Amino acid sequence: DGAKILAATYFGGSKQERGVYGMLLDSHGNIVIGSATRSPDMPTTRGSYQPKYGGGQADMYAAKLTSDMKRILWCTYVGGSKTDWPRGGLALDREDNVYLVGGTDSNDFPATAGAFQRERKGERDASIVKLSADGSKLLFHTLLGGGSWDGLMGIHVDGRGDVYVAGHTRSADFPVTPGAPQ
């Protein structure tokens, strides 16, 4: 009813963290967050996918906290040597795997085997990341973009595991599908 605060916490490192761009509850009631950080000393956890800051102006990060916010279950950076930024997109699938979307300026942001687009084509390409439910593995990463500036702001994973994304582009050569209305 909004009458009292049940739990609250600070989260971050010694520099700037953006407001949380996405927050969801997993199937066990744990809190999953995703955002961007400029802090090289985020409270990453042992065994996390990327325990060290990648570089540039910012890295993406994802974390899972207990429902009472008293413990960090895991926290990881996600990014390459330049600027990597989520923009509001966070989703979970039926196995509680974590999806982040945003954009990247990094040429070394690791795309996974079989990805739709493994190399950056423009100044900034959109980025779709899938992390394991325990934050220890990069399960999937692809870039999506054309010759200019692209970014994603929304993501949804349906019951079959199909991924839908939405965002923006300045690329005249953005890879649209045949028969698209525009």
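Right above here is the structure, for reference.
Peer 1: Before we move on, can you summarise unusual backbone geometry with the specific residues and values?
Peer 2: The phi dihedral of M69 is positive, around 60°, even though this residue is not glycine. Position of M69 relative to the elements: it lies in the loop between β3 (59–65) and β4 (72–78). Despite not being glycine, D96 shows a phi value in the positive range, around 65°. Within the element layout of this structure, D96 appears in the loop between β5 (84–92) and β6 (98–104).

Peer 1: Let's hear about the pattern of salt bridges: which residues, and what values?
Peer 2: Evaluated as defined, the whole model comprises four salt bridges. Between D26 and K64 there is a salt bridge, with its nearest N and O atoms 3.0 Å apart. With a gap of 38 residues between them, D26 in the loop between β1 (22–25) and β2 (31–37) and K64 in strand β3 connect regions that are remote in the sequence. Assessed through its relative accessible area of 7%, D26 is described here as buried. We note a salt bridge from D93 to K130, for which the minimum N-O separation is 3.9 Å.

Rules behind the numbers
Residues numbered from 1 in each chain as written. Predicted model: local features only at pLDDT ≥ 70, side-chain atom pairs only at ≥ 80, totals over all residues. Heavy atoms only, no water. Helix = DSSP H or I, 4+ residues; strand = E, 2+ residues; numbered from the N terminus. Salt bridge = Lys/Arg side-chain N within 4 Å of Asp/Glu carboxyl O. Buried < 20%, exposed > 50% of the residue type's maximum accessible area, 1.4 Å probe, protein only.

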